[in-house]
Amino acid sequence: MIDLELTDAQQNVRSMLNWFAKTEMRPIALEADRTGVVPLPFLKKTMDLGLAGGAMGDMQAPEEGKPEKKGPKGANRIAVIGSEELAWGDAALILTFPGPGLGGPPVTYTGTPEQKERAFKVFREDRENPHWGAYALTEPGAGSDVANISTTCRKDGDHYILNGRKCYITNGARADWNVVFATLDKTQGRAAHRAFLVFKDAPGFSVGKIEDKLGLRASETAELVLEDCRVHKNDLLGGEERYTSASKEGFRTAMKTFDNTRPLVAAMAVGIARAAYEICRDWVKENYDLKRPIPRYHLIAEKLANMEREIHAARLLCWKAAWMGDLDIPNSREASVSKSYSAEVGQRVTTQAIEIMGYEGTYHHRMVEKLFRDVKVFDIFEGTGQIQRIVISRRILQGLTR
Amino acid sequence: MISFELDEDVLAVQETVRKFAESELREGMREAETAGGVSDAIVTRYRELGLSTLELPEQHGGLDLGMITKVIVEEELAFGDAGMAAAIDRGGLAAYALLELGTDAQKKQHLTEGQNGTVAFWEPGQRQSLGDPETTVTEDGGGFRINGKKCLVSNAGLVDWYVVFGTVDSSRGWEGVRALLVPKDAPGLTIGEPDEKVGLWALRTATLTLEDVHVPKENLLSGSASVREGAERLMNRVDLVNAARSVGLARAAYEYSVGYAQERQAFGSPIAHHQAVAFMLADMSILVDSARVMLWQAAFLVDKGENARKEVAQALVQANTVTSKITIDAVQVLGGAGFIRDYPVEKWMRDARALSLLSGTDEAQNLLIADAIMAA
Ligand SMILES: Cc1cc2nc3c(=O)[nH]c(=O)nc-3n(C[C@H](O)[C@H](O)[C@H](O)COP(=O)(O)OP(=O)(O)OC[C@H]3O[C@@H](n4cnc5c(N)ncnc54)[C@H](O)[C@@H]3O)c2cc1C
């Protein structure tokens, strides 16, 4: 049955997170953006409330080969609702929530029970200090073209030796561990890809540059260096048995992560767009006597109407992709649809908000200016808008879905 | 809850309509376009399939399937042909007017007996103007006398009666508005020549001129305590139908483009493999989805009995905006062939324009949305 309203339970999650966003995130957002520092008390609060890693939907993936043992029913839907709400508060802060982050899904999907235990234990046991996991796929020479990674892994007895550089890794420097993608043999393409759980004390692992960015400035973006980095074979995600026959498992690990996280990232762009829209709308209400029959009214009214409509459409696309995810209906087209549309709407809406409000240096103007900078990356990470269109066009050329 | 799942019975209806739309509408669309109308036979067939009343309440001969089913059906019909979808729905608009504004007696008489009627929404030089008509109504000897002009009236000349909105006192806003049933043979009513429109030629539209048209007081649609609220519910339904047709039209252009791009070769491969084309196809896919999810949510809210005026208007603007872009891009995907009448996409580009004009311009809808935003 078609039912496009939130249940009371969903509504409660939304209200709870909205309250957190409003009272805990918004007040520190501008300062965190300016300094790049997220206060420790804030991080602790996210841990106390169990928000840690929540927005990125860690540990909600089904157990491999046991489809019936799902995360809680409707977890993807709750996650998109939550992502929008928290991003409405501040997107950079979400990425900084302690937890396994984007590293969570590959470990959950493909890790052995022992690996899951090792990776996730710290989040369970140390409630005093923030910890992070991270996901290290991108390299200076391979971003969109993820199959082209050149970080190498070489078997050496009971160990693997990793060599290469990873860049733009969210929380990569502060993370306890990174899921690092590498290749056994670049000529063999995806079949030779492997993912490793690389703990920060692994010999040969070091952190390079921390990036200075256009937006999401409170989120850490790091370069990682692997110089003869030695990890045990037990750190190969899924174990060696998983790779006995030549397969695309490694690459699939990377991609599976995306089908689940794209709608969440999309919902974050929706949250940013909504934040900018609401600030702009309230500003217009306060500053314009909109009943004046001046042409400017119509222009602004039209803009606001378009902004709200597009945000609404984007949100529904996120809901749809998440609903499909919950029902185990293949959703890579829909995930990409939600991601590309929401990122575009986010950019359009934040741009319009600035255009309408101008700049006077007040709190509201500074917020909108920040949101405008923050949202751009949503059309870049987790697959650029162009990459989403490649995914979508491939799907529709394989067979139309209606 | 967030569920986009269609029930079994809806899926069954959808399957039936899809076949009908593909075999009868898509096949016959150029002929209907040239003829400027549809045959009675196809209207009968549409009714026999039970498609003309499925959203109506059971007591009025319907299946009570609600607007959700209706928008799914209309998407499919318009996927076949949007103009024909509007033309075969001869009594649909008027049925909504009766449902939302009529008395029980009026519903019983006109709905149950399956008579044909239509609603005259527009006046020359005005936006959709149910709440602010220039047409005047004067009380006169136990009845009403109507004077005015209505334009772009769907199925004009093909139906038994018209729903006409006029005002007894334009200074009183909605308070002064009356909705009246005007029989086709009322003295003083003239129906103009069919309009020559940019598209949707299969749907006959024309101007009605009302000169001292007299109707008895039983013809006043007085079933809704508030004319305004009844009219808004009427507009919700009509806008949903138009938005659904728009989505169907967009999907027609999108699917045709995908098929064509896979066949047509250039530089040694199908043009679909050239990224500039592939991305146009991807954008079409994104946009069709975006319009459909909004349409479904709006229909869902209307079925729940909510005043979803804003959501419906948003769904309509989204659908029209998206369809305009997709149909224009479809012509681009076909290149020169897109410009030629041997191919359907030039028609769809024209139909999209006509559909969006007939359903109320986006500017007007946007002002409605903005008013709702500002009032909140
Ligand atoms: C703030 C931030 C955080 C990030 N966090 C992480 C992280 O945690 N982990 C991680 O692994 N990565 C992360 N990334 C990296 C991100 O995923 C990549 O930047 C992204 O995938 C794009 O890759 P690229 O930067 O190499 O761009 P390129 O791949 O070089 O793309 C450049 C341009 O070319 C276009 N393009 C590329 N290929 C095609 C094609 N085939 N057809 C058409 N156009 C094409 C792209 O769309 C883009 O416009 C992060 C990036 C940023 C900015």
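Keep in mind the model is a prediction, meaning the values are calculated, not measured.

A. Expanded view of the overall build of chain B. A tally of helices and strands in chain B yields 10 helices and 10 strands. Seen through its C-alpha atoms, chain B measures out along the principal axes to roughly 80 × 50 × 40 Å. Residue pairs in contact within chain B that sit at least 24 positions apart in sequence constitute 74% of those at least 6 positions apart. In the structure as shown, chain B presents an accessible area of about 14400 Å², 50% of it carried by carbon and sulfur atoms.

B. Structural detail: the overall build of chain A. Helix and strand counts for chain A stand at 10 helices and eight strands. Of all 402 residues assigned to chain A, the portion counted as buried reaches 58%. Expressed as a percentage of contacts within chain A between residues at least 6 apart in sequence, the contacts between residues at least 24 apart total 77%. Accessible surface computed for chain A: about 16300 Å², of which carbon and sulfur atoms make up 53%.

C. Structural context of empty space enclosed by the protein. Residues and elements named next belong to chain B. Tallied over the full model, the rule gives five cavities of 30 Å³ or more. The space that makes up the largest cavity amounts to roughly 250 Å³. Around the largest cavity, the lining is made up of 24 residues, and of these Leu93, Phe121, Ser154, Asn242 and Arg245 lie nearest the centre. If you list the elements that add at least two residues to the lining of the largest cavity, you get strand 2 (117-120), strand 4 (143-154), helix 6 (227-263) and helix 9 (345-358).

D. How the structure looks around the environment of Val137 of chain B. Relative to the helices and strands, Val137 of chain B resides in strand 3 (residues 136-140). Judged by its relative accessible area of 2%, Val137 of chain B falls in the buried class.

E. Helix 9 of chain B, seen in detail. Residue and element names in this part refer to chain B. For helix 9, spanning 14 residues, the distance from its first C-alpha to its last is 20 Å, which sits close to the expected 20 Å at 1.5 Å a residue. With 11 of 14 residues buried, helix 9 lies mostly within the body of the structure. Residues of helix 9 that are buried make contact with helix 1 (8-35), helix 3 (66-88), strand 4, helix 6 and helix 8 (309-334). Immediately downstream of helix 9, the backbone of Gly360 shows phi near 95°, a positive value.

F. Focus on the interface of chain B and chain A. Counting residues at the interface gives 54 residues for chain B, matched by 48 residues for chain A. Our count for the chain B to chain A interface comes out at four salt bridges. For the salt bridge of Arg333 of chain A with Asp289 of chain B, the shortest nitrogen-to-oxygen distance reads 3.1 Å. Viewed at the interface, chain A and chain B are joined by 27 residue pairs in polar contact (both at pLDDT 80 or more). For the side of chain B that touches chain A, the secondary structure elements donating two or more residues are strand 1 (3-4), helix 1, helix 3, helix 6, helix 7 (275-303), helix 8 and helix 10 (362-375) of chain B. If you tally residues by element for the side of chain B that touches chain A, the top one is helix 7 of chain B, at 18 residues. For the side of chain B that touches chain A, the residue count by class is 28 nonpolar, 11 polar and 15 charged. Pairing between strand 1 (residues 2-3) of chain A and strand 1 of chain B: two bridges, direction antiparallel. Bridging across to strand 1 of chain B, Asp3 of chain A finds its partner in Ser3 of chain B.

G. Representation of the site of the ligand within the structure. By nearness alone, 19 residues border the ligand, and Tyr135, Thr138, Ser144 and Thr384 of chain A together with Gln275 of chain B come closest of all. More than one chain approaches the ligand, the contributing ones being chains A and B. Within the backbone of Tyr168 of chain A, one N or O atom sits 2.8 Å away from a nitrogen atom of the ligand. Measuring from an oxygen atom of the ligand, one finds a side-chain N or O atom of Gln386 of chain A at 2.7 Å. When isolated, the ligand has an accessible area of 970 Å², and the protein chains bury 67% of it.

H. Structural detail: the pattern of salt bridges. Residue and element names in this part refer to chain B. Tallied over the entire structure, the rule returns 60 salt bridges over all chains. Taking the shortest distance from any N to any O, the salt bridge between Asp40 and Arg90 comes out at 3.1 Å. In this pair, Asp40 is assigned in helix 2 (residues 40-48) and Arg90 in the loop between helix 3 and helix 4 (92-101), connecting sequence segments 50 residues apart. Residue classification places Asp40 among the exposed positions, given a relative accessible area of 52%. For Glu75, the salt bridge is made with Arg292, and the minimal N-O distance between the two is 2.9 Å. Of this pair, Glu75 sits in helix 3 while Arg292 sits in helix 7, and the two are 217 residues apart along the sequence. On the basis of relative accessibility, which here comes to 4%, the residue Glu75 falls in the buried class. Classification of Arg292 by relative accessible area gives buried; the value is 6%.

I. Focus on the packing of aromatic side chains. Within this structure, the stated rule accounts for 11 aromatic pairs over all chains. Taking 6.2 Å as the distance between ring centres and 90° as the angle between the ring planes, the aromatic pair formed by Tyr260 of chain B and Tyr343 of chain B counts as edge-to-face. In this pair, Tyr260 of chain B sits in helix 6 while Tyr343 of chain B sits in the loop between helix 8 and helix 9, placing the two residues 83 residues apart along the sequence. For Tyr260 of chain B, a relative accessible area of 15% puts it in the buried group. Through a chain of ring-to-ring contacts, three or more aromatic side chains come together here, namely Phe20, Phe42 and Phe97 of chain A. Taking the ring centre of Trp88 of chain A as reference, the NZ or CZ of Arg26 of chain A above it sits at 4.0 Å.

J. Local environment of the confidence of the model for chain A. Looking at chain A as a whole, its pLDDT mean stands at 90, while 89% of the residues score no less than 70. Per-residue pLDDT stays below 50 along residues 54-70 of chain A; that stretch engages in 37 contacts with residues further than four places along the chain or on separate chains.

K. The arrangement of unusual backbone geometry in detail. All names here are of chain B. Positioned with a positive phi, Leu152 is a non-glycine residue whose angle comes to about 50°. Within the secondary structure, Leu152 is located in strand 4. Within the chain, Asp212 stands out as a residue other than glycine whose phi angle is a positive 50°. Mapped onto the secondary structure, Asp212 falls in strand 8 (residues 205-216). Overall, the relative accessible area of 44% leaves Asp212 in the partly exposed class.

L. Representation of helix 2 of chain B in the model. Residue and element names in this part refer to chain B. Along helix 2, the residues classified as buried are Ile42, Val43 and Tyr46. Down the axis of helix 2, the buried set is contained in an arc of 105°. They therefore lie on one face. What points out from helix 2, more than 90 degrees from its buried face, is the exposed set Asp40, Ala41 and Glu48. Considering only its buried residues, helix 2 is in contact with helix 1 and helix 3. Remark: Gly50 follows helix 2 within two positions and exhibits a positive phi of approximately 80°.

M. The packing of helix 1 (residues 8-35) of chain A against helix 2 (residues 40-48) of chain A, seen in detail. All names here are of chain A. Helix 2 packs onto helix 1 with a crossing angle of 160° between their chain directions and a minimal axis gap of 11 Å. The angle between the axes of helix 1 and helix 2 places the two elements in the roughly antiparallel class. Considering how the two elements wind past one another, helix 1 and helix 2 form a crossing that is left-handed. On helix 2, the residues touching Phe20, Glu24, Met25 and Ile28 of helix 1 are Phe42, Lys45 and Thr46. Residues that form the contact of helix 1 with helix 2 fall into these classes: four nonpolar, one polar and two charged.

N. Main features of the nonpolar core. Of all hydrophobic cores here, the largest spans 209 residues; its most connected members are Phe378 of chain A together with Phe165 of chain B. Looking at this core element by element, the count peaks at 18 residues for helix 7 of chain B. Among all residues touching Phe378 of chain A, those that are not within four sequence positions of it are Ala91, Leu216, Val265, Met268, Ala269, Ile272, Lys339 and Ala343 of chain A. In terms of nonpolar packing, the next biggest core, distinct from the first, is built from 18 residues, Phe144, Ile146, Val182 and Leu189 of chain B among them.

Parameters and conventions
- Residues numbered from 1 in each chain as written.
- Chains lettered and ligands numbered in written order.
- Predicted model: local features only at pLDDT ≥ 70, side-chain atom pairs only at ≥ 80, totals over all residues.
- Heavy atoms only, no water.
- Helix = DSSP H or I, 4+ residues; strand = E, 2+ residues; numbered from the N terminus.
- Contact = heavy atoms within 4.5 Å.
- Areas by Shrake-Rupley, 256 points an atom, 1.4 Å probe, with all protein chains shown as cover.
- Buried < 20%, exposed > 50% of the residue type's maximum accessible area, 1.4 Å probe, protein only.
- 1 Å grid on protein atoms, 1.4 Å probe; cavity = no way out; pocket = protein on both sides within 12 Å on 5 of 7 lines; lining within 4 Å.
- Points joined across faces, edges and corners; volume = space filled by probe spheres on them.
- Expected span 1.5 Å × (residues − 1).
- Salt bridge = Lys/Arg side-chain N within 4 Å of Asp/Glu carboxyl O.
- Polar contact = N/O pair within 3.5 Å; in protein donor to acceptor, adjacent residues only side chain to side chain.
- Nonpolar A, V, L, I, M, F, W, Y, C, P; charged D, E, K, R; others polar.
- Pairing = 2+ DSSP bridges.
- Near = heavy atom within 4 Å.
- Phe/Tyr/Trp six-rings, centres within 6.5 Å; stacked < 30°, edge-to-face > 60°.
- Lys NZ or Arg CZ within 6 Å of the ring centre and 35° of its normal.
- pLDDT = per-residue confidence, 0-100.
- Arc of directions from axis to C-beta.
- Axes fitted to C-alpha atoms, helices over the stretch in contact; angles between N-to-C directions.
- Parallel < 35°, antiparallel > 145°, perpendicular 65-115°, else oblique.
- Left-handed = near helix turned anticlockwise from the far one by under 90°.
- Core = buried A, V, L, I, M, F, W, Y, C linked by side-chain atoms within 4.5 Å.

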